[in-house]
Amino acid sequence: MLFLASVGIKAGAGFWETVVQGDGLKYVGTGFLITVIPILIIGTLARLKFKFNYFTIMGMLAGTYTDPPALAYANQSCSKEAPAVGYSTVYPLSMFLRILTAQIIILLGCGAI
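What you are looking at is a predicted structure, and each value in this text was computed from that prediction instead of being measured.

Participant: How would you explain the packing of aromatic side chains if you had to name every residue and give the values?
Facilitator: Using the criterion set out here, one finds 3 aromatic pairs in the structure. Measuring from centroid to centroid gives 6.3 Å for Phe50 and Phe52, while their planes differ by 35°, and the two rings are tilted. With 5.2 Å between their ring centres and 20° between their planes, Tyr87 and Tyr91 make a pair best called stacked. Of this pair, Tyr87 and Tyr91 both sit in helix H6 (residues 82-110), 4 residues apart, which is roughly one turn of that helix. Residue classification places Tyr87 among the buried residues on the basis of a relative accessible area of 11%. Sitting above the plane of the Tyr27 ring, Lys26 keeps its charged end 5.9 Å from the centroid.

Here you go:
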């Protein structure tokens, strides 16, 4: 833990300068969009088209981002199992697609495909 803390402190020393100079704002904005747009699309579709309840959607979104703390929050917000059911339905596919997507990106970057 001390090693990770020291690496984080050294890596974060020039964080603000990196963000405001050069392409830093573009990367922060792109990361924000990559995070927020899928949540808005899937949450809206799940609610309006498929009529899922709020707690199931919370679990599904936590599962798509493979985020156990978000699942813990959803479970605390609801006395039923809806968040856990939503999480468990999408988590395996999300893990598989993360691995597959990373390999495809690497193969595309190397010119193998």
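Participant: Could you give an account of unusual backbone geometry, naming the residues involved and the relevant values?
Facilitator: At Lys51, a position not held by glycine, the phi torsion is positive, near 60°. Position of Lys51 relative to the elements: it lies in the loop between helix H3 (24-48) and helix H4 (54-64). Judged by its relative accessible area of 62%, Lys51 is exposed. Phi is positive for Thr66, which is not a glycine, with a value near 45°. In this structure, Thr66 sits in the loop between H4 and helix H5 (68-77).

Participant: Go over the packing of H3 against H4 with me, naming the residues and quoting the values.
Facilitator: Here H3 crosses H4 at 145°, and the two axes come no closer than 10 Å. Where H3 crosses over H4, the handedness of that crossing is right-handed. For the pair formed by H3 and H4, the contact residues are Ile39, Ile42, Gly43, Ala46 and Arg47 on the first element and Ile57, Met60 and Leu61 on the second. Residues of the contact of H3 with H4, tallied by class, amount to 6 nonpolar, 1 polar and 1 charged.

Participant: I'd like to hear about the nonpolar core, residue by residue, with values.
Facilitator: In this structure, Ala46, Ile57, Met60, Leu61 and Val90 together form the largest nonpolar core, which totals 5 residues. Looking at which element gives the most residues to this core, the answer is H4, with 3 residues. Here Met60 is in contact with Ala46, Phe52, Gly86, Tyr87 and Val90, once residues within four sequence places are set aside.

So, how was this worked out
- Sequence order sets the numbering: in each chain, residues are counted from 1 along the sequence as written.
- Residues qualify for local features only when their pLDDT is at least 70, as the model is predicted, and side-chain atom pairs are given and counted only at 80 or more; totals for whole chains, interfaces and linings, by contrast, use all residues.
- With hydrogens and water excluded, all non-hydrogen atoms of the structure serve as input to the side-chain values.
- Only rings of Phe, Tyr and Trp enter the pairing, Trp through its six-membered ring, and a pair is recorded when the two centres are within 6.5 Å. The plane angle decides the type: under 30 degrees is stacked, over 60 is edge-to-face, the rest tilted.
- Under the scheme used here, helices are H or I runs from DSSP no shorter than 4 residues and strands are E runs no shorter than 2 residues, and both carry numbers assigned from the N terminus.
- Accessible area is worked out with a 1.4 Å probe on protein chains only. A residue is then buried under 20% of its type maximum, exposed over 50%, and partly exposed in between.
- Distance and angle both matter: a charge sits over a ring if NZ of Lys or CZ of Arg is within 6 Å of the ring centre and within 35 degrees of the ring normal.
- Helix axes are fitted to C-alpha atoms over the stretch in contact, other axes to C-alpha atoms as well, and angles between N-to-C directions run from 0 to 180 degrees.
- Helix crossings fall into two classes, left-handed where the near helix is turned counterclockwise from the far one by less than a right angle and right-handed where it is turned clockwise.
- Contact criterion: two residues are considered in contact whenever any of their non-hydrogen atoms come within 4.5 Å of each other.
- Polar here means any residue outside two lists: the nonpolar Ala, Val, Leu, Ile, Met, Phe, Trp, Tyr, Cys and Pro, and the charged Asp, Glu, Lys and Arg; Gly therefore counts as polar.
- In this text, buried Ala, Val, Leu, Ile, Met, Phe, Trp, Tyr and Cys residues form a nonpolar core when linked through side-chain atoms within 4.5 Å.

These results come straight from atomic positions and should not be treated as a statement about function.
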